[in-house]
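# Architecture and fold: a report
Single-letter residue listing:
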Amino acid sequence: MEVCQSSNTVVDGAGDHVECLIPAQKLAQRVGELAKTISADYADKPLLVVGVLHGAYVFMADLVRTLTIPVRCGFVMVSSYENDTVTSGRVKLRLDLTQAVEGEHLLLVDDIVDTGVSIAWLIDHLKQKSPASVRLCVLLDKAARRRAPVKIDYVGFEIPDRFVVGYGIDCAGRHRELPYVGYVLTDQQS
Ligand code: IMP
Ligand code: MG
C-alpha cells in the first residue's frame, strides 16, 4: 500500500480513497516526543496506562513501547456514537477496568477528543475509584468542537473539524488498520 508519498491520496485495500492528513513517520515522531515527556513526568511514580477501546489501541501500543519507564496497562470501553459519525451525547460504559485503582496514578489514553462528552464522563467515572491522579493523553484534538470542558495533559496533534480514520480510528468499524491518519473521500471528492 502506498503511504502518503508521491500523492496525498491513497486507495486502501477496500478501494476507498483516503486523503492523508498525518503520515506514519510524523505519527511516530510525535509519539516519541510524547513518550519522552511522559517517561520524565512519571519517572518516580508507578503508572497504569488506561486505553479507551477501540480507537486508542494502535496509539497506545506504540506509546507504551516507546516509554522508557515500566507501566501496567488496562482498558475501558465507552460508546456514544452508535455507528454514526456524530455523537449521540449519551455515554455508555461497555467495559470497566478489571483492576482496583485506588491510590494509583492513571494515564488515560484516547484517540480523539471531539465534543469531549465521552472523555469528561470517563474521567468522572475513574475519579470515583479514588486513584492518586488521573491525566489524559490524546492523539488528536478537535478543539473547535468542544462541548464539555476537558483538560488534555498530553496532546499529539490539533486537527480541523473533519471526520478522520486510520491508526486505530474507524468509520463504522473500517479503516483502523491504516498506518496513517486521513480523511475518507466521497465519490465526488476522489
Ligand atoms: P466525543 O465524546 O465527542 O469527544 O467523542 C470522542 C470519541 O468519538 C473519540 O474517542 C472517537 O472514538 C470518536 N470520534 C470523534 N471524532 C472522530 C472521527 O473523526 N473519526 C472517528 N472517530 C471519532
Ligand atoms: Mg474513542
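In the block above lies the structure referred to throughout.
I will try to describe carefully the structure that is included in this document.

What counts as what
Residues numbered from 1 in each chain as written. Chains lettered and ligands numbered in written order. Predicted model: local features only at pLDDT ≥ 70, side-chain atom pairs only at ≥ 80, totals over all residues. Heavy atoms only, no water. Helix = DSSP H or I, 4+ residues; strand = E, 2+ residues; numbered from the N terminus. Buried < 20%, exposed > 50% of the residue type's maximum accessible area, 1.4 Å probe, protein only. Pairing = 2+ DSSP bridges. Axes fitted to C-alpha atoms, helices over the stretch in contact; angles between N-to-C directions. Contact = heavy atoms within 4.5 Å. Arc of directions from axis to C-beta. Polar contact = N/O pair within 3.5 Å; in protein donor to acceptor, adjacent residues only side chain to side chain. Near = heavy atom within 4 Å. Areas by Shrake-Rupley, 256 points an atom, 1.4 Å probe, with all protein chains shown as cover. Nonpolar A, V, L, I, M, F, W, Y, C, P; charged D, E, K, R; others polar. Phe/Tyr/Trp six-rings, centres within 6.5 Å; stacked < 30°, edge-to-face > 60°. Lys NZ or Arg CZ within 6 Å of the ring centre and 35° of its normal. Core = buried A, V, L, I, M, F, W, Y, C linked by side-chain atoms within 4.5 Å.

With that settled, consider the overall build of the protein chain. From N to C terminus, the protein chain includes three helices and nine strands. The helix and strand sequence of the protein chain, counted from the amino end, reads β-β-α-β-α-β-β-β-α-β-β-β. The burial tally for the protein chain puts 45% of its 190 residues in the buried class.

The next thing to look at is the sheet that holds strand 6 (residues 105–113). The six strands lie next to each other as 5-4-3-6-7-8, forming an open sheet whose pairing is mixed. Each end of this open sheet is capped by a strand with a single partner; those strands are strand 5 (92–95) and strand 8 (154–158). Adjacent strand axes in the sheet meet at a mean angle of 25° when their direction is disregarded. Note that strand 6 and strand 7 (residues 133–141) share eight bridges and pair parallel. By the bridge assignment for strand 7, I112 is matched with L140. Along the sheet, helix 3 (residues 117–127) contacts strand 3 (47–53), strand 4 (71–79), strand 5, strand 6 and strand 7; its crossing angle with strand 6, the most-contacted strand, is approximately 165°.

Turn by turn, an α-helix covers 3.6 residues, leaving residues three or four places apart pointing in a common direction. Taken as a whole, helix 2 (residues 57–66) has its buried residues at F59, M60 and L63. Down the axis of helix 2, the buried set is contained in an arc of 95°. They therefore lie on one face. Of the surrounding elements, those touching the buried residues of helix 2 are helix 1 (24–41), strand 3, strand 4, strand 6 and strand 7.

With that settled, the discussion passes to the side chain of T115. The residue T115 is located in the loop between strand 6 and helix 3 in this model. Engagement of the side chain of T115 in a polar contact is seen with the backbone nitrogen of V117, the distance being 3.2 Å.

A word on the site of ligand 1. Taken together, 16 residues are adjacent to ligand 1, and D111, T115, S118, K142 and V164 come closest. At 2.7 Å, a side-chain N or O of K142 approaches an oxygen atom of ligand 1. Contacts to ligand 1 include V164, whose backbone N or O atom sits 2.7 Å from a nitrogen atom. For ligand 1, the accessible surface in isolation is 490 Å², of which the surrounding protein chains cover 91%. Counting residues per element, the ones that place at least two in the shell around ligand 1 are strand 6 and helix 3. Counting residues per element, the shell around ligand 1 draws most heavily on strand 6, which supplies four residues. Here the residues of the shell around ligand 1 sort into seven nonpolar, three polar and six charged.

Turning to the packing of aromatic side chains, a few remarks are in order. How two aromatic rings sit relative to each other is given by the distance of their centres and the angle of their planes. Here the structure, examined in full by the defined rule, presents zero aromatic pairs. Against the face of Y42 rests K45, its NZ or CZ located 5.4 Å from the ring centre. Of note, R162 hangs over the ring of Y183, and the distance from its end group to the ring centre comes to 3.7 Å.

For residues other than glycine, phi is negative in most cases, and the peptide bonds are mostly trans. Here L53 and H54 are connected by a cis peptide whose omega angle stands at -5°. Residues other than glycine seldom take positive phi values, yet Y167 does so here, at roughly 55°. Topologically, Y167 is positioned in the loop between strand 8 and strand 9 (181–184). Owing to a relative accessible area of 5%, Y167 belongs among the buried residues under this scheme.

For the rest of this paragraph, the subject is the nonpolar core. Membership of the largest hydrophobic core comes to 29 residues, with the highest contact counts inside it found for I38, F59, L63, L107, V109, C137 and L140. Broken down by secondary-structure element, the contributors of at least two residues to this core are helix 1, strand 3, helix 2, strand 6, strand 7, strand 8 and strand 9. Per-element accounting of this core gives the leading share, five residues, to helix 1. The contacts of L140, once residues within four sequence positions are left out, are I22, D111, I112, V113, F157, I159, V164, I169 and V181. Residues L48, V101, I123 and L126 belong to the second largest nonpolar core, which totals 20 residues.

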